[in-house]
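Single-letter residue listing:
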Amino acid sequence: PRLLSQFFFADERVTRVVAEINGLDAELDPQQYLVLLNQLHLSQAHLLAVLERIMEECIPTQRHSRDYLVKFPEELLVDNLGNHMLFAAECLLAGTFLEMEESDGAQLRPQARNLLCSLELVRTVLREQSLSQPSSYPEPVRAVLIQFDRLFAEFELSYVSSLVAVKSPDEIYRQQEIIVLFCETVERALHLGYLTQEMIDGYEPLLMFTIPRLAIISGLLIYPEGPLSLERSPEEMSRVFSPFYNLLKKIRDLLRVLSAEELCLLERSLCTAE
């Protein structure tokens, strides 16, 4: 059950697979080479997962901030992102620039080298610690973990930023505005009886359509200074709504001529229409 013992065996597995790859002629046995590459990917992912748990146990208050993750596109925030970063660093160090310009890759190579050297140091130190005192983390162990955590975070941010356009602070704020709008919309819909708490607790599929529809009305009429404010230019709106700027204006103009009873009837119909 001790994490350092788990790390020792995970590290042994990575070392063994790497040795098998190095001793194989990929041209003579390409199928076995692909099998070993997959095994390496899985064993490295397991090693990083154990290392992550060790850092949470050993340096929980000294972890490098990961606040930058909110800038990443949602499709990149997957469970194996860390393993992909490690693979990217290995490719960069080998001179293979996947998915990026060679000039960008050349700039990232020093960071990749520092990260991989730090990982090797971590592996050495943790192996030695697991064989001597597998239940403690002395200061030298904590120091190499802190350094690795920092280098990993710095490389992750630099690498992803070189591939995709990360979100600006303004875009992050606009997304937070949309979250607030949706929360206030749900609260208002519950108060008016358009929705029930049972529907929300039961993850009623219809809510996927109902809540955005109600949020558009709320954003245009109830909270006109929020993320759907048409006093802003399209460029100042979130990218979720800016393509529909003119359509939103037409919807707002139509909503303004409705009476309170007609608006209530419209909102109730939006809660049931497919």
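Remember, it's a predicted structure, so these values are computed and weren't measured experimentally. (Residues numbered from 1 in each chain as written. Predicted model: local features only at pLDDT ≥ 70, side-chain atom pairs only at ≥ 80, totals over all residues. Heavy atoms only, no water.)

Looking at this structure, I do not really get the packing of aromatic side chains. What am I missing?
Aromatic ring pairs are reported here in terms of the distance separating the ring centres and the angle at which the planes meet. Applying the stated rule across the entire model yields three aromatic pairs. When the ring of Phe155 is compared with that of Tyr159, the centres are 5.7 Å apart and the planes differ by 25 degrees; the resulting orientation is stacked. Residue Phe155 and its partner Tyr159 are both found in helix α5 (residues 139–163); the two are separated by four residues, about one turn of the helix. A residue is classified by how much of its surface remains accessible, and Phe155, at 0% relative accessible area, is buried. (Phe/Tyr/Trp six-rings, centres within 6.5 Å; stacked < 30°, edge-to-face > 60°. Helix = DSSP H or I, 4+ residues; strand = E, 2+ residues; numbered from the N terminus. Buried < 20%, exposed > 50% of the residue type's maximum accessible area, 1.4 Å probe, protein only.)

Quick question: what am I supposed to make of the side chain of Arg188 here?
Checked against the element boundaries, Arg188 lands in helix α6 (residues 169–192). Only 2.8 Å separates the side chain of Arg188 from the side chain of Glu267, close enough to count as a polar contact. Those residues in contact with Arg188 that lie beyond four places of it in its chain are Tyr194, Ser218, Ile222 and Glu267. (Polar contact = N/O pair within 3.5 Å; in protein donor to acceptor, adjacent residues only side chain to side chain. Contact = heavy atoms within 4.5 Å.)

Just checking my understanding: could you explain the nonpolar core for this structure?
The nonpolar side chains of a soluble globular protein tend to be buried, and buried together. Ranked by size, the top nonpolar core spans 45 residues in total, and within it Leu51, Ile54, Leu126, Leu145, Phe148, Phe155 and Tyr159 carry the most contacts. Secondary structure elements with two or more residues in this core: α1 (3–22), α2 (30–58), α3 (81–93), α4 (102–132) and α5. No other element matches the 10 residues that α5 contributes to this core. Not counting the four nearest positions on each side in its chain, Phe148 is found in contact with Leu51, Met55, Leu115, Ser118, Leu119 and Val122. (Core = buried A, V, L, I, M, F, W, Y, C linked by side-chain atoms within 4.5 Å.)

So what exactly am I meant to see when it comes to the packing of α4 against α5 here?
Packed helices, taken two at a time, are described by the angle their axes make and the gap between the axes. Contact geometry of α4 with α5 gives a least axis separation of 9 Å together with a crossing angle of 155 degrees. With respect to each other, α4 and α5 are oriented roughly antiparallel. Two packed elements cross with a definite hand, and for α4 against α5 that hand is left-handed. Looking at side-chain class alone, the contact of α4 with α5 contains 16 nonpolar, seven polar and two charged residues. (Axes fitted to C-alpha atoms, helices over the stretch in contact; angles between N-to-C directions. Parallel < 35°, antiparallel > 145°, perpendicular 65-115°, else oblique. Left-handed = near helix turned anticlockwise from the far one by under 90°. Nonpolar A, V, L, I, M, F, W, Y, C, P; charged D, E, K, R; others polar.)

Just to check I follow, could you spell out helix α10 (residues 260–270) for this structure?
Leu263, Glu267 and Leu270 are the residues of α10 that are buried. Down the axis of α10, the sector holding all buried residues measures 60 degrees, keeping them to one side. Exposed residues on α10 whose side chains face more than 90 degrees from its buried face are Glu261 and Leu265. (Arc of directions from axis to C-beta.)

What is the right way to look at the side chain of Ser130 in this model?
Mapping Ser130 onto the fold places it in helix α4. A distance of 2.7 Å separates the side chain of Ser130 from the backbone oxygen of Arg127, its partner in a polar contact. If near-sequence neighbours (up to four positions away) are discounted, Ser130 is found in contact with Leu4 and Phe8.

Even after reading the chapter, I still don't get the pattern of salt bridges, so can you show me in this structure?
Overall, the coordinates contain 13 salt bridges when judged by the stated rule. Across the salt bridge formed by Glu56 and Arg63, the nearest N and O atoms sit 2.6 Å from each other. Across the pair Asp149 and Arg66 runs a salt bridge, and its minimum N-O distance is 2.8 Å. With Asp149 in helix α5 and Arg66 in the loop between α2 and α3, the pair connects residues that are 83 residues apart, well separated along the chain. Owing to a relative accessible area of 0%, Asp149 belongs among the buried residues under this scheme. Several salt bridges share partner residues, and in doing so they unite Asp11, Glu12, Glu120, Arg123 and Arg127 into one network. (Salt bridge = Lys/Arg side-chain N within 4 Å of Asp/Glu carboxyl O.)

Is there a simple way to explain unusual backbone geometry in this structure?
Note: most peptide bonds trans; most residues except glycine with negative phi. Positive phi outside glycine occurs at Tyr203, with the angle close to 50 degrees. Mapped onto the elements, Tyr203 comes out in the loop between α7 (197–201) and α8 (207–222).

What exactly am I supposed to notice about α2 here?
For an α-helix the count is 3.6 residues per turn, leaving residues at separations of three or four pointing the same way. With 29 residues, α2 extends 41 Å between its outermost C-alpha atoms, agreeing within 8% with the 42 Å of an ideal straight helix rising 1.5 Å per residue. Taken together, the buried positions of α2 are Leu36, Leu40, Ser43, Gln44, Leu47, Leu48, Val50, Leu51, Ile54, Met55 and Cys58. (Expected span 1.5 Å × (residues − 1).)

I tried to follow the environment of Pro110 on my own but got confused; where do I start?
In this structure, Pro110 sits in helix α4. When the C-alpha positions of Pro110 and Phe155 are compared, they lie 9.7 Å apart, and in sequence the two are 45 residues distant.

Help me understand the packing of α6 against α8, please; the structure alone is not making it clear to me.
At a minimum axis distance of 9 Å, the contact between α6 and α8 shows a crossing angle of 100 degrees. In this view, α6 runs roughly perpendicular relative to α8, as classed from their interaxial angle. Contact residues: α6 offers Leu181, Phe182, Thr185, Val186, Arg188 and Ala189, while α8 offers Ile211, Pro212, Leu214, Ala215, Ser218, Gly219 and Ile222. Of the residues belonging to the contact of α6 with α8, the class tally is nine nonpolar, three polar and one charged.

Everything listed here is a matter of coordinates, which is why it stays silent on function.
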